[in-house]
Amino acid sequence: MEIEVLLFGRFREIAGTRQQVLTVQEEARLSDVLEQLDEIYGSGFGAEVKRRGWVRILINGREYGLLDGMETLLKHNDQIVILPTIGGG
Amino acid sequence: MGGHKNRILRVNLTDSKFSEEALGDELIHDYVGGRGFGVKLLYDDLKPGTDPLGEANELIFVAGPLAGTNAQSFARWKVFFKSPLTGTYFKSSGGGHLAAEMKFAGFDAIVVNGVSEKPVYLWIHDGKYELRDAAYLWGVDCDDTHTLIREELHDPHIRVACIGPAGEHGVRYAGIFSDRRTAGRGGGGTVMGSKRLKAIACRGREKVEIAEPSSFANAVREQVKSYKAHPMFESFSTMGTQTTAEFTNLLGMFPTKNFREGILPGWEKIEGAEYTKLRVRKTACYSCMIHCGNITKARNGRYPGAWAEGPEYETIWAFTGTIADSDIDLTVAADKLCDDLGLDTISTGSAIGFAYELFEKGIITTQDTEGMELTYGNGEPVLRLIRQIAYREGFGDVLADGSLRAAQRIGKESVQFSMHVKGLELPGYDPRGAKAHGLNLLTANIGADHNSGYAPQEVFGSPIPKPVDRFAIEGKGELTKWNQDLTAFFETGILCSFVPALGMLSAELYGKLLSTLTGIKDFVDPSYLWHVGEKIFNLERMFNVREGFGAKDDVFPQRLMSEPLPAGPGEGQIFEAEPLLKAYYQVRGWDVTTGIPVASKLNELGLSFTLGR
C-alpha cells in the first residue's frame, strides 16, 4: 500500500524533497515508515525525528501520540506529516 | 529603584497641561509592571460609560521593567484604552525599540487624555517634554511620518509611534505604528486620531538602574544559554511566524471563505519555504537575539517593488484565507499598504472577507462596490478596498467601522456573517479545530484575541505543561486559564509572546530576572507571579463587567457552534461553547450563569475595590 509523507523545515532540508510517496507492506505501522525514511535519507533523519516533544508527527491531521504512538496502524493513502514545532501568531 | 524609572507622564491635550507622578511602591509590588500597570491605571482613571472617542478616554503607553536592559525579548510596548471597536478594556502591543527609548527618555508610562484643537505630536527627551505642531504631518503615511519627525528634530535615532490616515479618518481598527512594528488591534490608532495626536517621539540617555547587577547579569546569561540550547531557537530565528500557515492548514483550521472551510486550496504557495524565497533581510527588536522579523519583497509580478516588514502569520491569513486566494505577492503588498495607511491587518482582512461572502450571497452587488467583483479567488480588489477603508471612501466607509457595525448598517441578515467576538474580528484560527485556543478567543478580555491565551499545546503540539488532544473538551477550561494567566504574568515584563509559546523562558527564570532587576524579593516566587497574572486577568474582566459585559457577550457567531467543519482533519467538528464555558467559569471562580467573578475570588486576588462598582 502507499503512504504519502510531507516534510517541513529541516526535515525537508535533510531529505531535499517536500513530498515522498512510500510503498509499505500491509499493516505497516508508523515506526516502519520512519525506519524506511531513515534508510532513504540516512541516520540524521531519524535522530532529528527522535528529538521528542519538539517534532510534530501528524497522521491524517491527528497527533500520533494521541493515536497509538509509533505503533499506530496505517492504511492505504494515509498522509504522514513531519514538521518541527515552531511557529507563532 | 531597579528597572522602573518610577515616573508616569500625564498629558492633557485639551489644555496642553503636563504633570508627573511616581508609580509608587504599592502599584509596583502588587502589579509588577507592564500589563499590570496598564489595567490598574485605566480601571482607576476611567468612569464607566466613557466615550471611547471622547476627551475622557485615555491612551496609556507602557514600557516594561526589563525594557532597556540586556535581558532578552522584553522590547515590547503596550498601549491601553477603552476600545472604539469593542467598547471593552483594550490592550494592544508592538515591538521594535520604542519601549527601551521611553525608559531612556525617563518614563515607564505616558498617559494621554483630552482632545487637542489642532494636530500635535508629543516629543519626550531626557525627562523633558513638549507638544509640537503636527499640522504638516496630518495625512502623511506612517513610514514617512517617522522620517519627517527625525528630520525635523535632527536626530535619526529618535523612536516614533504614530498613526496613519486610517487613524485620522476614524477607522475603528486603526493601529499605532513604530518602525513598522504595530500595536494593531482594537483601534488604539483611532483613539489617537480622535485626540488629534499624530505621534509620540522619544529619545534619551538615562540609564535603567539594576538593583543587583551581578545577579542580574547571571540571570541574563542563563537566559541566553537557555535560548541557545532550545531545539527550536534556530528555526524560529530563521522563519519567524511565516511557517504557521503550514500548521493551521495541515490541522484543517485555517479559516477559509469566512470560516466556512478549514483548508485553503493552494496553501502550499504560502508556506514558510515560499516566504524564504522572498526574504531579503532579517530584523530584530531591541535586545532580542531571536530576530524573528523578516523584510520580504514581492516578485516582479502584479505588485512590482512591493515590500514589507512581515507579513506575519496573521497578515498572511488575512489576505489569503478570507478571499480564498493564495497569492503570496498580494500578502506582501497588502501588508505594506496597511502599515503605511495605519490599519490593523486582521480586522481589515476579516472585514474584506465578510464583504466577499455578502457578495457571494447577493446581499451586496457591484452597485455597492463601485464595480468591484468580490468573488473568491479574485484578489484584485483588495488593495483598492484597503485604500477605501483607510480614507473612508466608497464601500470602504461601511467596512471601516468593523464587520459587526457594517453588518448592522447593511442589514438583510448579514450580522450572522460577521466573524467576531465582542466586535473584535477573529484572527486566523478556526476555534472548531482547537478547543482551548477557541475558548481563549471567546473569553479574552478584549474580544477575539489569540495572544491573550494562545494554546501552543494545540496549534504547535507543545508538550508544556502537557500534550493535549486539540478536539477534546475535557480539561480545556483549566488549560485556557493556565495559558491566559501565564501570558498575563509574563506581560508584566512585556515579554514577547513567542517566547513562552515555545517554552523558551520559565517562570522561575523570569522571576530571577525581575527580582534581581528590581530588588523586590516576592518577584522571585513563581506562585506570586501566577497570582499577579490571575489578578490582572480578573481586573480586566471587572473593567468590562463595569461596562455591562458578562456571559452574554462570551459568544461566537452561530456558524462556529452549529456548522461542522466540512472536510480535512477537523471534519465534523463544531465548537461546543456551553460545556467549555461552564468548565472555564468554574475553574476561574466566576459565577457560571453571569460569568462575573464572585466576591470571594475578588477578595482572594486583592481586587475587593472592584466590588459594587
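Residues numbered from 1 in each chain as written. Chains lettered and ligands numbered in written order. Predicted model: local features only at pLDDT ≥ 70, side-chain atom pairs only at ≥ 80, totals over all residues. Heavy atoms only, no water.

Residues and elements named next belong to chain B. With antiparallel pairing, 3 strands are arranged side by side in an open sheet as β13-β14-β15. Lying at the two open borders of the sheet, with one neighbouring strand each, are β13 (279-283) and β15 (307-309). The average angle at which neighbouring strand axes cross in this sheet is 15°, direction not considered. Sheet topology note: the strand β14 (residues 293-297)/β15 ladder contains 3 bridges and is antiparallel. Of the residues in β15, the one forming a bridge with Ile295 is Glu309. Here helix α12 (residues 328-341) sits on the sheet and contacts β14 and β15; the angle it forms with β15, its principal contact strand, is near 65°. (Pairing = 2+ DSSP bridges. Helix = DSSP H or I, 4+ residues; strand = E, 2+ residues; numbered from the N terminus. Axes fitted to C-alpha atoms, helices over the stretch in contact; angles between N-to-C directions. Contact = heavy atoms within 4.5 Å.)

Turning next to the interface of chain A and chain B. Contact with chain A, which involves 23 residues of that partner, is made by 37 residues of chain B. Approximately 2,400 Å² of surface area, both sides summed, lies buried where chain A meets chain B, with 64% of it carried by carbon and sulfur atoms. Linking chain A to chain B there are 5 residue pairs in polar contact (both at pLDDT 80 or more). Of the residues forming the side of chain A that touches chain B, the biggest block, 3 residues, is contributed by strand β5 (residues 79-84) of chain A. (Buried area = accessible area lost by both parts, 1.4 Å probe. Polar contact = N/O pair within 3.5 Å; in protein donor to acceptor, adjacent residues only side chain to side chain.)

Below, the discussion takes up the layout of surface pockets. Here the largest pocket is characterised by a volume of approximately 480 Å³. The wall of the largest pocket is formed by 24 residues, among which Gly9, Arg10 and Glu13 of chain A together with Ser235 and Met239 of chain B lie closest to the centre. Looking at the lining of the largest pocket, the elements with two or more residues in it are α1 (9-15) and β5 of chain A together with α8 (233-239), α9 (244-250) and α10 (272-278) of chain B. No other element matches α8 of chain B, which puts 5 residues into the lining of the largest pocket. (1 Å grid on protein atoms, 1.4 Å probe; cavity = no way out; pocket = protein on both sides within 12 Å on 5 of 7 lines; lining within 4 Å. Points joined across faces, edges and corners; volume = space filled by probe spheres on them.)

What follows covers unusual backbone geometry. Residue and element names in this part refer to chain B. The step from Gly310 to Pro311 runs through a cis peptide bond, and the omega angle for that step is -5°. Its place among the elements puts Pro311 in the loop between β15 and α11 (313-318). Pro465 follows Ile464 through a cis peptide bond whose omega is -5°. When you line up the elements, Pro465 lands in the loop between α18 (456-459) and α19 (476-490). At Lys257, a residue that is not glycine, the phi angle is positive and equals roughly 55°. Of note, Lys257 is situated in the loop between α9 and α10. You will see that Ile494, though not glycine, has its phi angle at about 50°, which is positive. Within the secondary structure layout, Ile494 lies in the loop between α19 and α20 (498-501).

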